[in-house]
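# A closer look at the structure
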Amino acid sequence: QVQLVESGGGLVQPGGSLRLSCAASGNIFRIGAMGWYRQAPGKERELVATITTTGSTNYADSAKGRFTISRDNAKNTVHLQMNSLKPEDTAVYYCNLVDLARGRAFWGQGTQVTVSS
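Only a predicted model underlies this, so the values are computations on that prediction, with no experimental measurement involved.

## Some details on the overall build of the chain
Within the chain, the secondary structure is distributed over zero helices and 11 strands. Starting at the N terminus and walking to the C terminus, you meet the elements of the chain as β-β-β-β-β-β-β-β-β-β-β. The C-alpha radius of gyration computed for the chain amounts to 14 Å, which stays within 12% of the reference 13 Å derived for 117 residues, consistent with globular compactness. By residue count, 43% of the 117 residues in the chain fall in the buried class. Here the analysis covers contacts within the chain between residues at least 6 apart in sequence; of these, 55% occur between residues at least 24 apart. For the chain, the computed accessible surface area is about 6,100 Å², with 47% contributed by carbon and sulfur atoms.

In structure tokens, the structure reads:
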């Protein structure tokens, strides 16, 4: 049993900032990459950012220069600092974690981010 608990979502005006956090708990035997994905209404879930155990990051083009992903391996947490938010960033954001021992990924429940004036 693996649980991912997210926080930090909400309503923000264009140009504003939010910091999403996700804490993992449960039977994680060998933590691997962690990341954030998002899904807007009528669209497929898409990658926003990922980070490996050694700190290598990968960002969607739309997130580069505005978003920063980070992690704390000791606490099994991952964060997403989102700056200069745009209305098109509006979506449900999902936390993701890979357990290398199981060879599978786990997902959070999703947190709503709404960017609107």
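## Comments concerning the pairing of strand β11 (residues 111-115)
Within a regular strand, side chains alternate between the sheet's two faces. Burial along β11 is one-sided: Thr 111, Val 113 and Val 115 are buried, while Gln 112 and Thr 114, pointing the other way, are not. Pairing of strand β2 (residues 10-12) with β11 involves three bridges; the strand directions are parallel. Residue pairing in the sheet places Val 12 in a bridge with Val 115 of β11. Pairing of strand β9 (residues 91-99) with β11, which is carried by three bridges, proceeds in the antiparallel orientation. Across the sheet, Ala 91 pairs through a bridge with Val 113, a residue of β11.

## Topic: the state of the cysteines
Counted according to the given criterion, the structure contains one disulfide. At a sulfur-sulfur separation of 2.1 Å, the disulfide partner of Cys 22 is Cys 95. Disulfide Cys 22 to Cys 95: torsion about the S-S bond roughly -85 degrees, handedness left-handed. In this pair, Cys 22 sits in strand β3 (residues 18-26) while Cys 95 sits in strand β9, placing the two residues 73 residues apart along the sequence. The same class applies to Cys 22 and to Cys 95, which are both buried.

## A look at the nonpolar core
Within the largest apolar cluster, 30 residues are counted, with the highest numbers of intra-cluster contacts made by Trp 36, Leu 80, Met 82 and Tyr 93. Every element with two or more residues in this core is listed here: β1 (2-7), β3, β4 (31-39), β5 (46-51), β7 (67-72), β8 (77-82), β9 and β11.

## A closer look at the pattern of salt bridges
A complete count under the given rule lists five salt bridges for this structure. For Lys 64, the salt bridge identified is with Asp 61, shortest N-O distance 3.3 Å. A network of salt bridges, in which partner residues are shared, links Arg 38, Glu 46, Arg 66 and Asp 89.

## Details of the sheet that holds β7
Spatially, four strands are ordered β1-β3-β8-β7 in an open sheet, and the strand pairing comes out antiparallel. Both outer strands of the open sheet, β1 and β7, are each paired with one neighbouring strand and no more. Across the sheet, the mean angle from the axis of one strand to that of its neighbour is 15 degrees, orientation sign disregarded. Alignment of β7 against β8, held across six bridges, turns out to be antiparallel. Paired with Asp 72 across the bridge in β8 is Thr 77.

Definitions and limits used
Residues numbered from 1 in each chain as written. Predicted model: local features only at pLDDT ≥ 70, side-chain atom pairs only at ≥ 80, totals over all residues. Heavy atoms only, no water. Helix = DSSP H or I, 4+ residues; strand = E, 2+ residues; numbered from the N terminus. Rg over C-alpha atoms; globule rule 2.2 N^0.38 Å. Buried < 20%, exposed > 50% of the residue type's maximum accessible area, 1.4 Å probe, protein only. Contact = heavy atoms within 4.5 Å. Areas by Shrake-Rupley, 256 points an atom, 1.4 Å probe, with all protein chains shown as cover. Pairing = 2+ DSSP bridges. Disulfide = S-S within 2.5 Å. Core = buried A, V, L, I, M, F, W, Y, C linked by side-chain atoms within 4.5 Å. Salt bridge = Lys/Arg side-chain N within 4 Å of Asp/Glu carboxyl O. Axes fitted to C-alpha atoms, helices over the stretch in contact; angles between N-to-C directions.

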